[in-house]
Amino acid sequence: MSILSYFPGQPRQVQVEVLKQVESYISSGYKYIVIQAPTGSGKSYINATIARSKETSSILTSTTDLQDQYKHDFPWMYTIRWKSNFSCMQLGDKFSQIKVQLQKIRREELTCDKGECYNRDQKTWCKYHPKKEDFCVEHKGTIQEKIPFKLEESDFCSYYIQKIKGLMASHTIFNYAEYLSLLLFTQDLQTDGIL
């Protein structure tokens, strides 16, 4: 099946030409292809098309705004963001006991990158850390793919909820910091299909 058949919507001529070139390179055995095109040329649609033509993919972006754009345009993709994008429930617990100090500290300063997600001495996760078993993948590999969480999301760490969903998803959008952290310090990533 042609890569073009996976295009979400009606491609513009420049997108058709780029996708035909990409398909030719893939058929010739190339594993790594760099696409350089001007702003507004539809690179995200090209990437999404290539991603859909594969079983799994990872798209790397430099900003959370680009992750938001992908998620908005392609709801079947999942995002994984860095800890500093999420309020830490554990730190919120600690500081909620001290009202005067809490008034001085802005909620944005209590982010997950400042909390203790894992206690190395006790070898335990924070009480807000969800378990992978509490998620399931529905309609895997399709544009209807969903990854529901079986428990009440507001009772758990939103950073880890989005991270587990993103790692279970067929197609994921990463920012560079999170992707490189996972690649260098964990065994969580599959490195095939990076866009």
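Going along each chain's sequence as written, the residues are numbered from 1 onward. At least 70 in pLDDT is required for a residue's local features to be given in this predicted model, at least 80 for side-chain atom pairs to be given and counted, and no such filter applies to totals for whole chains, interfaces and linings, which use all residues. Heavy atoms from the whole structure form the basis of all side-chain values; hydrogens and water molecules are not counted.

1. Quick word on the overall build of the protein
Then, in step 1: Secondary structure follows DSSP: runs of H or I at least 4 residues long count as helices, runs of E at least 2 residues long count as strands, and numbering of each begins at the N terminus. Helix and strand counts for the protein stand at seven helices and five strands.
Then, in step 2: Taken from the N to the C terminus, the helices and strands of the protein come in the order α-α-β-α-β-α-α-β-β-α-β-α.
Then, in step 3: In this scheme, a residue with accessible area under 20% of its type's maximum is buried, one over 50% is exposed, and one in between is partly exposed, where area comes from a 1.4 Å probe on protein chains only. Taking all 195 residues of the protein together, 38% fall into the buried category.
Then, in step 4: At a minimum sequence separation of 6, the contacts of the protein that also span at least 24 residues come to 63%.
Then, in step 5: Of the roughly 12,300 Å² that the protein leaves accessible, carbon and sulfur atoms contribute 51%. Two residues form a contact once any of their heavy atoms are found within 4.5 Å. Where accessible areas are quoted, they stem from the Shrake-Rupley method and a 1.4 Å probe; at the residue level, only the protein chains shown are allowed to cover.

2. Topic: helix 7 (residues 176-185)
Then, in step 1: Of all the positions in helix 7, only Glu178, Tyr179, Ser181 and Leu182 are classed as buried. Burial along helix 7 is one-sided: seen end-on, the buried residues are contained in an arc of 165 degrees.
Then, in step 2: Elements in contact with the buried residues of helix 7: strand 1 (57-61), strand 2 (78-80), helix 6 (158-168) and strand 5 (171-175). Note that the arc is defined by the directions from the helix axis to the C-beta atoms.

3. Some remarks on the nonpolar core
Most often, soluble globular proteins have nonpolar side chains that are buried together.
Then, in step 1: If you look at the biggest cluster of nonpolar residues, it comprises eleven residues: Phe86, Cys88, Leu91, Leu110, Cys112, Cys117, Cys126, Tyr128, Cys157, Tyr159 and Tyr160.
Then, in step 2: Setting aside its immediate chain neighbours within four residues, Phe86 contacts Arg81, Leu110, Thr111, Cys112, Ser158, Tyr159 and Gln162.
Then, in step 3: What is meant by a nonpolar core is a set of buried Ala, Val, Leu, Ile, Met, Phe, Trp, Tyr and Cys residues, joined one to another through side-chain atoms within 4.5 Å. Membership of the second largest hydrophobic core comes to nine residues, among which are Ile147, Phe149, Ile161 and Met168.

4. Some points on the layout of surface pockets
Then, in step 1: In this structure, the second largest pocket spans a volume of roughly 630 Å³.
Then, in step 2: Along its surface, the second largest pocket is lined by 20 residues, and Trp125, Tyr160, Lys163, Thr186 and Asp188 are the ones closest to its centre.
Then, in step 3: Elements that contribute at least two residues to the lining of the second largest pocket include exactly helix 6 and helix 7.
Then, in step 4: Tallying contributions element by element places helix 6 first for the lining of the second largest pocket, with six residues.
Then, in step 5: Note on residue categories: nonpolar means Ala, Val, Leu, Ile, Met, Phe, Trp, Tyr, Cys or Pro, charged means Asp, Glu, Lys or Arg, and polar means any other residue, Gly included. Among the residues making up the lining of the second largest pocket, the classes are represented as eleven nonpolar, three polar and six charged. Cavities and pockets are defined on a 1 Å grid built over the protein atoms alone: a cavity is a set of grid points where a 1.4 Å probe fits but cannot escape, while a pocket is an open set with protein on both sides within 12 Å along at least five of seven lines, and lining residues are those with an atom within 4 Å of any such point. Grid points are joined across faces, edges and corners, and a volume is the space filled by probe spheres set on the points.

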